[in-house]
Structures are given as C-alpha cells and as structure tokens.
Amino acid sequence: MSTAPRLVDLRSGDVNDLAGVVHIMNRAFDPRYGEAWSSAQCIGMLALQGVWLTLACEGNALVGFAMARVVAGDGELLLLAVEPERRGRGIGGTLLRSVIADACDKQAERLHLEMRAGNSALALYGAHGFTQVGQRRAYYRGLTGEAFDAHTYALTLG
Ligand SMILES: CC(C)(COP(=O)(O)OP(=O)(O)OC[C@H]1O[C@@H](n2cnc3c(N)ncnc32)[C@H](O)[C@@H]1OP(=O)(O)O)[C@@H](O)C(=O)NCCC(=O)NCCS
C-alpha cells in the first residue's frame, strides 16, 4: 500500500473560516512564546486592504493556513501554520509557495516576514530563499512574561 501523503487542496478563506484558523493557530504555536494571534486580531487584520487568507484542506478538514498582505508593491507573510499532526508532509511548503505566487501576481517586489528568533520554521523559509534583514528585540511576550526577540526576513520577488 502506498504511503505517499495526500495532496492538500488550497482554497481562499474569509472571516467565516476564522474559527478553524484560530483553532489551528492555538495548537500550532507554542503558548510559551506568545506568537499566536487572537480571533479579534485576525478579524481586524483580514479587514485591512490587501490581506488574504489561504486555507489548506484535506477533504473537509482544515489542516493549515497562511495569511498575507500586499500593499503598494510590498508583501508580508503574516501567519503560516499547519496542524501539528500533519507537519513534515509538505503542507507548509505548499502554502508558502502559494503565498509567494499570489504575492508575485499582486505585483509585490518583496515578501517580508517576521518570526521569533529560534523558531525552527527558519528551515522552511531559508529553503525558499528568505534572508534575514533585521531584528526586533523583546518583540514577543511569553506566558510567563519572558520576552523573545523577533527576526525579520525578506525574499526578493520577480
Ligand atoms: C512552519 C510550519 C508551517 C511548517 O509546516 P510543515 O507542513 O511541517 O512544512 P513542510 O512539511 O512543507 O516542510 C518544509 C521543509 O521545512 C522543514 N521544516 C518545516 N518546519 C520545520 C520545523 N519546525 N523544524 C525543522 N524543519 C522544518 C521541513 O523539514 C521541510 O524540509 P524538506 O522539504 O527538506 O524536508 C509548521 O512547522 C508550523 O505550523 N509551525 C508552527 C507555526 C510557526 O512557527 N509558523 C511560522 C512562523 S509564522
């Protein structure tokens, strides 16, 4: 029997999908670091100009998502997360490539992202050509009040 992973379907999401998105986000991001967004933050962000949500689904099940924004030629990957049990099967990479392609279609010249220093997702971003461009000290505040730096990365498009 084949052990090949099932292909995920990508579709665009909207505010009606945010309950599932927040559910995955709360499971995907370790609460020690304070990286996950609240539902209110997601709703507010999705209402802003140039923001879109891409969902990764296996059948009817939401297994991952990406939220991104392009405004005036500048793109930002805002969030990317995959259900913990579904990781390591290419879903994150599929979502990231979709965001990169969409950002190109929307005429973005660069795609930025910001990530907690030490987040192992750097392996994924590095493999797609992102390089570090900056650092924000004590940007994240964890559960116990501990502060964590953020690093910013960028990918030149086109
Ligand atoms: C980052 C994340 C979305 C990756 O999802 P995924 O479905 O596991 O990614 P993929 O299976 O497509 O992996 C792509 C590559 O990156 C590597 N990789 C991805 N996440 C990794 C991690 N956490 N640690 C080490 N390597 C990782 C994989 O080994 C793979 O490399 P390969 O193709 O050479 O084998 C997922 O780990 C996640 O949801 N993390 C928590 C949320 C988060 O930190 N998001 C990023 C900041 S916004």
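In this text the structure is predicted, and so the values were computed from the model without any measurement.

Asker: Looking at this structure, how should I read helix H1 (residues 18-28)?
Answerer: Counting along an α-helix, one turn takes 3.6 residues, and residues three or four places apart therefore face a common direction. Buried residues of H1: Leu18, Val21, Val22, Ile24, Met25 and Ala28, and no others. Projected down its long axis, H1 carries its buried residues within an arc of 160°, all on one side.

Asker: Please explain the nonpolar core as it appears in this structure.
Answerer: Nonpolar side chains in soluble globular proteins tend to be buried together. In terms of nonpolar packing, the biggest core is built from 25 residues, with Leu77, Leu111, Tyr125 and Phe130 touching the most fellow members. When residues of this core are traced back to their parent elements, those giving at least two are strand S2 (51-58), strand S3 (61-71), strand S4 (74-82), helix H3 (91-105), strand S5 (110-116) and strand S7 (147-156). A per-element tally of this core places H3 first, with six residues. If sequence neighbours within four positions are ignored, Leu77 has contacts with Ala66, Met67, Ala68, Leu96, Val99, Leu111, His112, Leu113 and Tyr125. Counting residues in hydrophobic clusters, the runner-up holds 20 residues, among them Met45, Leu53, Leu78 and Leu79.

Asker: Teacher, can you tell me more about the UniProt feature "domain: N-acetyltransferase" (unreviewed entry) in the chain here?
Answerer: Listed under "domain: N-acetyltransferase" (unreviewed entry) in the UniProt record, and renumbered for this structure, are residues 8-158. Between the C-alpha atoms that bound residues 8-158 the distance is 26 Å, and the span itself is 26% helix and 40% strand.

Asker: Help me understand the sheet that holds S7 in this model?
Answerer: In sheet architecture, strand pairing relies on hydrogen bonds along the backbone and comes in two forms, parallel and antiparallel. With mixed pairing, the seven strands of this open sheet are ordered in space as S1-S2-S3-S4-S5-S7-S6. Only two strands of the sheet have a single neighbouring strand rather than two, namely strand S1 (9-13) and strand S6 (131-141). On average, each strand axis in the sheet is tilted by 25° relative to the strand beside it, whichever way the strands run. Where S4 meets S5, four bridges bridge the pair, whose relative direction is parallel. Residue pairing for S5: Leu77 is matched across the bridge by Leu113.

Asker: In this structure, what is going on with the site of the ligand? I would like to understand it.
Answerer: Contacts to the ligand come from 18 residues, most closely from Leu80, Gly90, Gly92, Gly93 and Asn119. Measuring from a nitrogen atom of the ligand, one finds a backbone N or O atom of Leu80 at 2.8 Å. Interatomic distance of 2.8 Å between a side-chain N/O atom of Asn119 and an oxygen atom of the ligand. Computed on the free molecule, the ligand has an accessible area of 880 Å², of which 67% lies beneath the protein chains in the complex. Looking at the shell around the ligand, the elements with two or more residues in it are S4, H3 and helix H4 (122-127). A class-by-class count of the residues in the shell around the ligand yields 10 nonpolar, six polar and two charged.

What counts, and at which threshold
Residues numbered from 1 in each chain as written. Predicted model: local features only at pLDDT ≥ 70, side-chain atom pairs only at ≥ 80, totals over all residues. Heavy atoms only, no water. Buried < 20%, exposed > 50% of the residue type's maximum accessible area, 1.4 Å probe, protein only. Helix = DSSP H or I, 4+ residues; strand = E, 2+ residues; numbered from the N terminus. Arc of directions from axis to C-beta. Core = buried A, V, L, I, M, F, W, Y, C linked by side-chain atoms within 4.5 Å. Contact = heavy atoms within 4.5 Å. UniProt positions renumbered as here; feature names shortened; annotations may be inferred. Pairing = 2+ DSSP bridges. Axes fitted to C-alpha atoms, helices over the stretch in contact; angles between N-to-C directions. Near = heavy atom within 4 Å. Polar contact = N/O pair within 3.5 Å; in protein donor to acceptor, adjacent residues only side chain to side chain. Areas by Shrake-Rupley, 256 points an atom, 1.4 Å probe, with all protein chains shown as cover. Nonpolar A, V, L, I, M, F, W, Y, C, P; charged D, E, K, R; others polar.

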